[in-house]
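Secondary and tertiary structure notes
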Amino acid sequence: METIMYLWGGLSEVITPSNLFIVLLGSLLGTLVGVLPGLGPTSAIAVLLPVTTILEPAQGLMMMAGIYYGSMYGGSTTAILMNIPGESSSVPTTLDGYPLAKMGRAGSALGIAAIGSFSAGIIGLLGLVLFAPFLADQALKFGPPEYFTLMLIALLVLFNLTGYSLRKSILMGLFGFFVSLVGIGMTTGMPRFNFGFSFLTGGFDMVSIIIGLFAITEVLKGLEEDRTARKRVKIKRVYPTKKDLQQSKNAILRGSLLGFFLGILPGISATITSFLSYDLEKKLSKQPEKFGKGAIEGVAGPESANNATSSGGFIPLLSLGIPASPPLAVLLAALMIYGLTPGPLLFEQNSQMVWMVIASMFLGNIFLLVLNLPLVGLWAKLTEVPFGILAPIILLVSVLGAYSVRNSMFDVTVAIIFGILGYLFHKFHWPIIPFVLCTVLGPKIESSFIQSMGMSSGNLFIFVERPISLAILLLAVVFLVISIFLMKRTKKRLMQETGEKMEFS
Amino acid sequence: MAAHAKYEKKIGGSIAILIGLISIYEAYKLYPYSVNIVTGDHALPGFIGILLVAVGISLFVEKKGQEESHSVLPTGKKRFKLSASVILLFIYCILIEYFGYVASTLVVSIILIKLIAQNRWMNAVLIGGLITAVLYGLFIVILKTPFPVGIFSFL
């Protein structure tokens, strides 16, 4: 009941003209960037993050959340109209979305994807409202050793999820940690890894690294692939028919619930849940032979599962400060830029702001549903922007955006270097996700470790001697086994459908 | 170019070992300021250094063919486009310091459009001018980013 009151309070504060405009603008900007071929949610948030820094923290975060949802929705547009899955989690959407579009039912597919995303988003948010404060309350019992164990285990489970070799994932995670250590030491205040250069004393800016790895890398990949504007399928009818809705409603519900409940478990990514949902729908269908040739349930289920998992990711992010995916890692970095520390104390110290942002997410989802269906034609037109024009714009925005965070040319150089590295990592199948997560979580892991060692006078057994910490370790073993099984299955399915290895999202 | 893919793990492993050694050295340098062997600014660099060296060695000695990627780096025109774009970005960082936002962004955007979109010069100039103006509005007018003014301080 208390939670509902908080949410109501948040909602009443969001409903002001300026806040509503911010949520609307965020949702539209996110969709705009998301529909541009090749740019996924992570690049969208990274590129647009500097733009939000002029806003008040609450407004900035509301805009970021809108950008996140909008870019997720935008991603399904390119998957359906152009057969381009921005991320591996959108692959199942292309399997039936594109054939539907070729059959002249692109509008139906896009409409069902929007409705599925909306339902999943709302279910995910309800889960967030119910579970996040409870989890944060429980997490207040956690001390530094429990946090250290939790973050380390979460990372280990996530490493398994990249879809590439585990050894490469671990190595990339270690590289990420290494990068996060550059700067001033936590206990002594001594500079670390600065090699005598003053510009290294302040450490690396997270946003520059992410802009490089996601936005600049994406352009370099596009230049290599010689991306030309692909012909999209014409949209004849924007709204889905009654029959489409009838056929999809159960798939949407199943996908949303499956995506949410599996998604809140550590080690289950959006790629896994969207493939599971697709296979589940095919299994339950009376006409499984229609799948892959244009079954609307094949769009409804995976799109809902994908979005529900992504919404579910807000629970560990806000209550524990642990991001489950790269876009959420960028959001974590954004929270830190705004001076907030995600974790159990966030609900105590910044309760008003947190509930305002959560309330804005409900409105953002409604805006997306109401506006995006009539705007489908406009978004589809945007997919035709030639890459030759788009690429210079992305490169220039990346450079200027990286500069604007700390007004430092060093950050721009960092963004360009990480852009090149990101391209090489992609080329040789070295996963970027562990790198990003470890770079973001590195300082938090280090502080928890140092505090734990301070508490135990240097006894490393503290991590297994405390009951909660031990319980986390034991639970982690179970999740790791489940995630290894599901990851292998999804890897096989991804290979079957695309014929290539892809990093999981 | 295929050689790059063939030695990808050896190169990756070697870099990991090298970074690991740097990390261990940094831990060694910071150790005198520590409370004990596992408490202090040296602890995590030390652990990470050891792990980087260990995983790096295991990758270096791994037999060929185990999950080997078969990627090749681009050649010819594609390689030129890629390299030229990246070099242009580095040049942009220098130009903006000396010539300020307007002149450097205009020049770089025109060259990037000419290079990537292969439009005619006239189109490249028009689109480049438009991009420069829109980004000026966003970053300088709205976001108030203090870009270097360079020699054209009146712009």
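Residues numbered from 1 in each chain as written. Chains lettered and ligands numbered in written order. Predicted model: local features only at pLDDT ≥ 70, side-chain atom pairs only at ≥ 80, totals over all residues.

**Focus on the overall build of chain B**
Selection criterion: Helix and strand assignments follow DSSP, with helices taken as H or I runs no shorter than four residues and strands as E runs no shorter than two, numbered in order from the N terminus. Residue burial is a threshold on neighbouring C-beta atoms within 10 Å of the residue's own C-beta, all placed from the backbone, with 20 or more meaning buried, 12 or fewer meaning exposed, and counts in between meaning partly exposed.
Summing up its helical and strand segments, chain B has 5 helices and 0 strands in all. The helix and strand sequence of chain B, counted from the amino end, reads α-α-α-α-α. Per-residue burial over chain B gives 31% buried out of 155 residues.

**Looking at the overall build of chain A**
Applicable threshold: The globule rule is 2.2 Å times the number of residues to the power 0.38, and the radius of gyration it is compared with is taken over C-alpha atoms. Here, residue contact means that the backbone-derived C-beta atoms of the two residues sit within 7 Å.
On a plain count of helices and strands, chain A comes out with 20 helices and 2 strands. The C-alpha atoms of chain A give a radius of gyration of 22 Å, which matches the 23 Å a tight globule of 505 residues would have. If you line up chain A on its principal axes, its C-alpha atoms span 70 × 50 × 50 Å. Taking the contacts inside chain A whose residues are at least 6 apart along the sequence as the reference set, 82% of them involve residues at least 24 apart.

**Points about helix α2 (residues 8-30) of chain B**
What counts, and what does not: By this rule the span expected of a helix is its residue count minus one, scaled by 1.5 Å.
Across its 23 residues, α2(B) extends 33 Å between first and last C-alpha, which sits within 8% of the 33 Å expected from 1.5 Å per residue. For α2(B), the set of buried residues is B:Glu8, B:Lys9, B:Gly12, B:Gly13, B:Ala16, B:Ile19, B:Gly20, B:Ser23, B:Glu26, B:Ala27 and B:Leu30.

**A short note on the domain arrangement of chain B**
Put simply, the test is: An automatic or database domain assignment is the source of the domain bounds shown.
By the assigned domains, chain B splits into domain 1 (2-60) and domain 2 (76-142). The centre of domain 1 of chain B, based on its C-alpha atoms, is set 39 Å off from the matching centre of domain 2 of chain B.

**Re the environment of A:Ala114**
Residue and element names in this part refer to chain A. Along the chain, Ala114 turns up in helix α5 (residues 91-139). Exposure remark for Ala114: the 24 C-beta atoms within 10 Å place this residue in the buried category. Once residues within four sequence positions are removed from consideration, Ala114 is found in contact with Tyr73, Leu369, Asn372 and Leu373.

**Details of the packing of helix α2 (residues 17-35) of chain A against helix α4 (residues 57-82) of chain A**
All names here are of chain A. Threshold: For every element, the axis is a line fit to its C-alpha atoms; helices are fit only across the contacting stretch, and the angle between N-to-C directions ranges from 0 to 180 degrees. Should the near helix be turned anticlockwise from the far one by less than a right angle, the crossing is left-handed, and should it be turned clockwise, the crossing is right-handed. Polar here means any residue other than Ala, Val, Leu, Ile, Met, Phe, Trp, Tyr, Cys and Pro, which are nonpolar, and Asp, Glu, Lys and Arg, which are charged; Gly is therefore polar.
Two numbers describe how α2 lies on α4: the axes approach to 6 Å, and their chain directions differ by 35°. The two elements α2 and α4 meet at a crossing, and its hand is right-handed. Within the contact of α2 with α4, the residues separate by chemical class into 16 nonpolar, 14 polar and no charged.

**Re the interface of chain B and chain A**
Listed as interface residues are 54 residues of chain B and, on the opposing side, 51 residues of chain A. Among the elements that make up the side of chain B that touches chain A, the one with the highest residue count is helix α4 (residues 76-116) of chain B (15 residues). Broken down by class, the residue content of the side of chain B that touches chain A amounts to 34 nonpolar, 13 polar and 7 charged.

**Thoughts on the packing of α5(A) against helix α11 (residues 297-312) of chain A**
All names here are of chain A. Their axes nearest at 6 Å, the elements α5 and α11 cross at an angle of 35°. Like other packed secondary-structure pairs, α5 and α11 cross with a definite hand, here right-handed. In the contact of α5 with α11, the residues fall into 14 nonpolar, 13 polar and 2 charged.

**Some thoughts on the confidence of the model for chain B**
Residue and element names in this part refer to chain B. Put simply, the rule is: The score called pLDDT rates the predictor's confidence residue by residue, from a low of 0 to a high of 100.
Put simply, chain B has an average pLDDT of 87, and 89% of its residues get 70 or more. The least confident element of chain B, judged by mean pLDDT, is helix α1 (residues 2-6) at 51; the most confident is helix α3 (residues 43-60) at 94. Predicted as a complex, the structure gets a pTM of 0.85 and an ipTM equal to 0.92.

**Focus on unusual backbone geometry**
Phi is positive for A:His429, which is not a glycine, with a value near 60°. Among the secondary structure elements, A:His429 is positioned in the loop between α17 (409-427) and α18 (433-455). A positive phi angle is found at B:Gln118, which is not glycine, with a value near 50°. Inspection of the secondary structure puts B:Gln118 in the loop between α4 and α5 (121-142).

**Let's talk about α5(A)**
All names here are of chain A. Heads up, the rule is: We define the bend at any residue as the angle between the axes fitted to the seven residues before and including it, ending there, and the seven starting there.
In this model, α5 (49 residues) spans only 35 Å end to end at C-alpha, well below the 72 Å of a helix rising 1.5 Å per residue. Largest kink in α5: about 135°, centred on Gly104. In terms of burial, α5 is largely enclosed, as 38 of its 49 residues are buried.

**Observations concerning the nonpolar core**
Most often, soluble globular proteins have nonpolar side chains that are buried together. Formally: In plain words, the nonpolar core is the set of buried Ala, Val, Leu, Ile, Met, Phe, Trp, Tyr and Cys residues that C-beta atoms within 7 Å link up.
Residues A:Ile45, A:Ala46, A:Ala109, A:Ile210, A:Ile211, A:Leu331 and A:Val399 are the most contacted members of the largest nonpolar core, which totals 195 residues. The element that contributes the greatest number of residues to this core is α5(A), accounting for 20 residues. Split by domain, this core shows at least three residues from each of two domains, domain 1 (2-60) and domain 2 (76-142) of chain B. Ignoring anything within four residues of it in the chain, the contact list for A:Val399 reads A:Val412, A:Ala415, B:Leu89 and B:Tyr92.

**Quick look at the environment of B:Ile22**
All names here are of chain B. Relative to the helices and strands, Ile22 is located in helix α2. On the neighbour-count criterion, Ile22 (16 C-beta atoms within 10 Å) is partly exposed. In the structure, Ile22 is positioned 103 residues away from Val125 in sequence and 47 Å away in space, judged by C-alpha atoms.

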